[in-house]
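Here is how the chains run, residue by residue.
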Amino acid sequence: MLKVDHASVFFAARDGRTVHALDRVSFEIPESGFVVALGASGCGKSTLLNAIAGFLPLSDGAIILDGRPVRGPGADRGVVFQKDALLPWKTVVDNVALGLKFAGVSKSERRARAHELLRLVGLDEFAKALPYELSGGMRQRVGIARALATEPDILLMDEPFGALDGLTRDQMQELLISIWYRTAKRIFFITHSIEEALFLGTQVLVMSPRPGRVVARFDLDFVRRFAATGDARSIKLSTEFASLREEIRAILHRAEDFRSVA
Ligand SMILES: Nc1ncnc2c1ncn2[C@@H]1O[C@H](COP(=O)(O)OP(=O)(O)OP(=O)(O)O)[C@@H](O)[C@H]1O
């Protein structure tokens, strides 16, 4: 279980003011949970992910992963960013194996594990390619394989599909669901897209800015329905999906209106 308990973060801005980036955010990610944080720019989504990753300390509250407080980065959390962070001079397979090298895994074992992960993301035939030879979607698939290489307990994904075209994004969502279903990993995923949040999340946290807080949460099962049926179209065209989309849109607009008069 990952437990985020009243997490708050304040930043000192350069003009001397204090930015309240995160305000007492609480939620849990149970075994094989897929939690999506949804909100407009500046509502603290990346701050929250960076705190879970251990890249920045909380000002108040706690983050507990499987009974242990998070105090810094660790191999138990794999991170995927919006912009792939692949090393351009290394082949795809070596990029995937990089974390294993740092963990002291033998070369033959690193290779075997990296190829297995490349098969999982459908890229084994590109193992010897260099990152510049791949499309944006393929690079993100390498990023996912790399994040999974050290067998983390949880995947942290910061708008991983935000820069992709619509069709590739749909394909990546479906690939991620199949990986989630097969590996039973916990996932924390950030997005600006209401549709993406609804389709992927077992729980969606709707966030609003200044201060960044959770203003609504929804428990959903569209992702499990997709994993069982493979039929994205009928899910996304359902009246249930459409009415939740409108409900969340209204919540996000209210959060913006509130901000403009606050
Ligand atoms: N290092 C920092 N120093 C000062 N302020 C910061 C810092 N990092 C973030 N902030 C501020 O904290 C607030 C939340 O930022 P954060 O990047 O977490 O939002 P976000 O929801 O991820 O936005 P986006 O979707 O645009 O990435 C913003 O007002 C931002 O300007």
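What you are looking at is a predicted structure, and each value in this text was computed from that prediction instead of being measured.

Engineer: Provide a residue-level description of the nonpolar core, including the pertinent values.
Structural biologist: Ile144, Phe189 and Val206 are the most contacted members of the largest nonpolar core, which has 58 residues in total. At seven residues, helix 4 (residues 136–149) tops the list of elements feeding residues into this core. Residues within four places of isoleucine 144 in sequence aside, it is in contact with Val80, Val121, Met157, Phe161, Met172 and Ile179. With 28 residues, the next largest nonpolar core counts Ala7, Phe27, Val35 and Leu49 among its residues.

Engineer: Describe the packing of aromatic side chains, and please don't skip the residues or the numbers.
Structural biologist: Overall, the coordinates contain seven aromatic pairs when judged by the stated rule. Pairing phenylalanine 34 with phenylalanine 189 gives two aromatic rings, centres 6.1 Å apart and planes at 55 degrees, and the pair type is tilted. Separated by 155 residues along the polypeptide, phenylalanine 34 in strand 3 (residues 34–39) and phenylalanine 189 in strand 8 (residues 186–191) bring together distant segments of the chain. By relative accessible area, phenylalanine 34 is classed as buried at 0%. A relative accessible area of 0% means that phenylalanine 189 is categorised as buried. Relative to tyrosine 181, the ring of tryptophan 180 has its centre 6.2 Å away and its plane inclined at 50 degrees; by these criteria the two rings are tilted. Each member of the aromatic cluster is reached from another via a ring pair, and the members are Phe34, Phe161, Trp180, Tyr181 and Phe189. Directly above the aromatic system of phenylalanine 199 lies the positively charged group of lysine 236, at a separation of 4.4 Å from the ring centroid.

Engineer: Explain the sheet that holds strand 6 (residues 77–80) to me, using residue names and the numbers behind them.
Structural biologist: One open sheet holds the six strands; their spatial order is 6-7-8-3-9-10, and the pairing between them is mixed. Looking along the sheet, the strands with just one partner apiece sit at the ends: strand 6 and strand 10 (213–219). Between one strand and the next, the sheet's axes are offset by a mean angle of 20 degrees, whatever the strand orientation. Sheet topology note: the strand 9 (residues 203–208)/strand 10 ladder contains six bridges and is antiparallel. Directly across from methionine 207, in strand 10, lies its bridge partner valine 214. Its contacts with the sheet place helix 1 (residues 45–53) against strand 3, strand 6, strand 7 (154–158), strand 8 and strand 9, and it is angled at close to 155 degrees to strand 8. On the sheet, helix 5 (residues 166–183) packs against strand 3, strand 7 and strand 8 and is oriented at approximately 160 degrees with respect to strand 8.

What counts and what doesn't
Residues numbered from 1 in each chain as written. Predicted model: local features only at pLDDT ≥ 70, side-chain atom pairs only at ≥ 80, totals over all residues. Heavy atoms only, no water. Core = buried A, V, L, I, M, F, W, Y, C linked by side-chain atoms within 4.5 Å. Buried < 20%, exposed > 50% of the residue type's maximum accessible area, 1.4 Å probe, protein only. Helix = DSSP H or I, 4+ residues; strand = E, 2+ residues; numbered from the N terminus. Contact = heavy atoms within 4.5 Å. Phe/Tyr/Trp six-rings, centres within 6.5 Å; stacked < 30°, edge-to-face > 60°. Lys NZ or Arg CZ within 6 Å of the ring centre and 35° of its normal. Pairing = 2+ DSSP bridges. Axes fitted to C-alpha atoms, helices over the stretch in contact; angles between N-to-C directions.

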